[in-house]
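Given next are the chains, with one letter for each unit.
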Amino acid sequence: MSKFDPALRDEIIAAIPNLRAFAISLSGSVDRADDLVQETLLRAFANIGSFRVGTNLPAWLFTILRNLFRSEYRKRRREVPDSDGAFAATLTTNPDQNSHLDFEDFRTALDKLPPDQREALVLVGASGFSYEEAADICHCAVGTIKSRVNRARKRLGELLAIESIEDFGLDKTTRGVLIASERV
Amino acid sequence: MSGKKIMNDEQAEGKSVTAGALSTTQLPEGNGSTLGSDIQAKIGQHLRAMYDDVVRQGVPDRFMDLLSQLDKPATTSASRESDEEVDR
């Protein structure tokens, strides 16, 4: 005899892999991410009564996780990630190996984004939330999320353009101009 | 470190329009938009590939164990390690 609605329980279990991926992108560490997910599950079950059945369960769970991370973050700043990067520790395959853009470069660039921009980009670009859902999760306006995602993409584009210019065959002068424009 | 981060953020915010204009106007004609859209497509692919790699790992045992613990009748506190402590 289960204390919880089995359908709800199954839905929470189904959300765990996504919660982990989001937590890793926030915390920069697999271990801390799993602790965050655990704390999120404890909170979720303790407050299950406040969840309105039929509303967006994944968004509710993501909100709890993000709030936990934020309150912890205020206390101790994001630690320096593992030298190999958080995602590297979980990585089983190197996707798109023929790409001109090295996967390593991408992870480095993602790590350089301000946390607000990184979380917005991950929520919309990887977790599959709408701008509206992401705004609810981050407690901000839809326009703010859109602007964070745009700035994140632009910044990543700049960082990766610098990294990969030689791959695209641009000459040293153009490269210099791009690097200079990057610093404006 | 945090001070620097905030500054970078503000700088990025302040120059966002300029930076976009620069990167399109200063790249060679024709190459600019291709390079930009190619990189934007790669960003999306890499982001999802990284994320999905974690998602594909499924639910680690520790979370299934935790849920079983939480779901046990009469176990009111998740911090209880032993069932014997709950004498019912």
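Residues numbered from 1 in each chain as written. Chains lettered and ligands numbered in written order. Predicted model: local features only at pLDDT ≥ 70, side-chain atom pairs only at ≥ 80, totals over all residues.

### Concerning the overall build of chain A
Looking only at helices and strands, chain A features 9 helices and 0 strands. Burial analysis of chain A (184 residues in total) assigns 36% to the buried set. Looking at chain A alone, contacts between residues at least 24 apart form 62% of all its contacts between residues at least 6 apart. (Helix = DSSP H or I, 4+ residues; strand = E, 2+ residues; numbered from the N terminus. Buried ≥ 20, exposed ≤ 12 C-beta atoms within 10 Å, placed from the backbone. Contact = placed C-beta atoms within 7 Å.)

### A few points about helix H5 (residues 103-112) of chain A
The set of residues buried in H5 of chain A consists of Phe103, Phe106, Ala109 and Leu110 of chain A. Burial along H5 of chain A is one-sided: seen end-on, the buried residues are contained in an arc of 120°. (Arc of directions from axis to C-beta.)

### Section: the nonpolar core
Grouped together as the largest cluster of nonpolar side chains are 49 residues, with contacts concentrated most on Leu19, Ala23, Val37, Leu61, Leu65 and Ala134 of chain A. Mapped onto this core, the elements with two or more residues apiece are helix H1 (6-27), helix H2 (30-46), helix H3 (57-75), H5, helix H6 (115-125), helix H7 (131-137) and helix H8 (142-164) of chain A together with helix H2 (31-55) of chain B. For this core, the leading source of residues is H1 of chain A, giving 9 residues. Residues from two domains meet in this core; each of domain 1 (1-92) and domain 2 (98-184) of chain A gives at least three. Residue contacts for Ala23 of chain A: discarding those within four places in its chain leaves Ala33, Leu36, Val37 and Leu65 of chain A. (Core = buried A, V, L, I, M, F, W, Y, C linked by C-beta atoms within 7 Å. Domains from an automatic or database assignment.)

### What about the packing of H1 of chain A against H2 of chain A?
Residue and element names in this part refer to chain A. Look at H1 against H2: their axes get within 8 Å of each other, and the N-to-C directions meet at 135°. Viewed along their axes, H1 and H2 adopt a mutual orientation that is oblique. Crossing of H1 against H2: the hand is right-handed. Contacts from Ile12, Ile16, Leu19, Arg20, Ala23, Ile24 and Ser27 of H1 reach H2 at Val30, Arg32, Ala33, Asp34, Leu36, Val37, Thr40 and Ala44. Grouping the amino acids of the contact of H1 with H2 by side-chain chemistry returns 10 nonpolar, 2 polar and 3 charged. (Axes fitted to C-alpha atoms, helices over the stretch in contact; angles between N-to-C directions. Parallel < 35°, antiparallel > 145°, perpendicular 65-115°, else oblique. Left-handed = near helix turned anticlockwise from the far one by under 90°. Nonpolar A, V, L, I, M, F, W, Y, C, P; charged D, E, K, R; others polar.)

### A look at the environment of Phe69 of chain A
All names here are of chain A. In this structure, Phe69 sits in helix H3. With 22 C-beta atoms packed within 10 Å, Phe69 lands in the buried category. Sequence separation of Phe69 and Leu26 is 43 residues, and the distance between their C-alpha atoms is 7.8 Å. Other than its neighbours up to four places away in sequence, Phe69 contacts Leu26, Ser27 and Leu36.

### Description of H2 of chain A
Residue and element names in this part refer to chain A. End to end, H2 covers 24 Å across 17 residues, agreeing with the expected 24 Å (1.5 Å per residue, within 8%). Regarding H2, the residues found buried are Ala33, Leu36, Val37, Thr40, Leu41 and Ala44. Within H2, the buried residues cover an arc of 140° as seen down the axis, which keeps them to one side. Those residues of H2 that are exposed and angled more than 90 degrees off the buried face are Asp31 and Ala46. (Expected span 1.5 Å × (residues − 1).)

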